[in-house]
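Spelled out from the first residue to the last, the chains are:
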Amino acid sequence: MKSIKSKIIVFSILATLIPSLGLGILSFQQNETMISENVTRELRALANHASRELDLWTKDQVYIARELSTSKILIEGLSQINQPDNILLTQQILLEHYLKSVHNKLETVLELTVIDTEGKVIASNISTPVIESLPVNWPESASIQGNVVIPPHWDNFYSTATLSISVPVLSIDDYILGALIVTFDLRFVQSSLKDSLKSPPGDVLLLDQSGNIMLASHTWAHEETNTSLTLAPEVLQRLQDNPGEFEMFQGLHQEKAIGLAYMSEQPPITIIATRSRESIYATWIQQRNLFIGFISALLLVVTAIAFRMGHAIVVPWQRLICATERIVKGDLNVELNTTQQNEMG
């Protein structure tokens, strides 16, 4: 009799558990797939927006640098670098005053430096200019491209990420006299990396060619950003090998994150759009926990009902069997009282 009762309970539990778990697992798998697709689409939109804004900002700075390079003062100053020392010194002083004046009017500019064709500093707005390493054949590159964009990096001198643009200074006869190197503060592009109203949730990271994080769209990263903040090399390699593809990795502060990367060619920057995994799956995890709680409660109710039904079936059978055994032994004074108004009596 106990086996019948146990089988009733086990059958009730399985009849409840199998379809509930099957439908629940299928539903959560589809939900997880949909979440992944939505997050990938949102991160792509975020990275595209940042890439577009960075490209527009860079073009604006190139335009500014080109306009400055056509200044009459720069052209005349570089044209007379082979003059006697007293004339050269006078031109250098004029150039320095001019560069300082321009620097005071342009808040995005950190440094203005004029060099000759051999890379020698002629004048600058600061006493100790930070000389950026130009390509060996920069005059030829400048004559073809019109400007040379030096790869952005974190500058310890200015304690910020910088973008330097070298623009050739041409004579009246279109000969290259030298170059004007303009160093811009990349922090001024931070507010444009993400639209606070239209952009999807997430953060944008700008990495230099070495994988160091130069700039981020969120405030805490802006305050802490320096070359000590880097992604794990294998994570960065995975993101760069699969541009635009969804990847899960360990974030900057060891939290689980989800993101994708895009590579910008001009300037050479890796743009990573990322979100915390916890924020993405918070609702999914909450629903999962509610589902588990509901199934547990349902199993308790079904087990209680199955136990009650098994008891209602088994007890009358046990009474009937006991009465039959007494009759077989010759005891005819057997009385069975009915306690239920159904088939089981």
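Details of the structure are given in the entry above.
Numbering of residues begins from 1 in every chain and follows the order in which that chain's sequence is written. It should be noted that, the model being predicted, local features are given only for residues of pLDDT at least 70 and side-chain atom pairs only at 80 or more, the latter also being counted only at that level, while totals for whole chains, interfaces and linings use all residues. Just so you know, side-chain values use all the structure's heavy atoms and leave hydrogens and water out.

Caption draft 1: Summary view of unusual backbone geometry. In the Ramachandran plot, Ser159 falls in the positive-phi region, its phi being about 55° despite a non-glycine side chain. Strands here mean DSSP runs of E at least two residues long; helices mean DSSP runs of H or I at least four residues long; both are numbered from the N terminus. Inspection of the secondary structure assignment puts Ser159 in the loop between strand S3 (148-155) and strand S4 (160-170).

Caption draft 2: Structural context of the environment of Ser124. Here Ser124 is to be found in strand S2 (residues 121-124). Taking C-alpha positions, Ser124 is 9.5 Å from Leu180, a pair spaced 56 residues apart along the chain. Contact definition: two residues touch when any of their heavy atoms are within 4.5 Å. Apart from the residues lying within four places of it in its own chain, the contact partners of Ser124 are Glu96, Leu99, Glu111, Leu112, Thr113 and Pro129. A polar atom in the side chain of Ser124 sits 3.2 Å from the side chain of Thr113. Polar side-chain contacts of Ser124 include one of 3.4 Å to the backbone nitrogen of Ile126. Counting of polar contacts relies on pairs of N or O atoms within 3.5 Å, with two restrictions inside protein: one atom must be capable of donating a hydrogen and the other of accepting it, and residues adjacent in sequence are counted only when both atoms are side-chain atoms.

Caption draft 3: A look at the packing of aromatic side chains. Put simply, two rings from Phe, Tyr or Trp (the six-membered ring, in Trp's case) pair if the centres are within 6.5 Å, and we call them stacked under 30 degrees between planes, edge-to-face over 60, tilted for the rest. On inspection of all chains with the given rule, the structure shows two aromatic pairs. Centre to centre, the rings of Trp57 and Phe184 are 6.3 Å apart; their planes meet at 80°, and the pair counts as edge-to-face. You can see Trp57 sitting in helix H1 (residues 2-69) and its partner Phe184 sitting in strand S5 (residues 176-185), a full 127 residues away along the chain. What makes Trp57 buried here is its relative accessible area of 10%. Working definition: with a 1.4 Å probe on protein chains only, accessible area under 20% of the residue-type maximum means buried, over 50% means exposed, and in between means partly exposed. Residue Phe184 is classed as buried on the basis of its relative accessible area of 0%.

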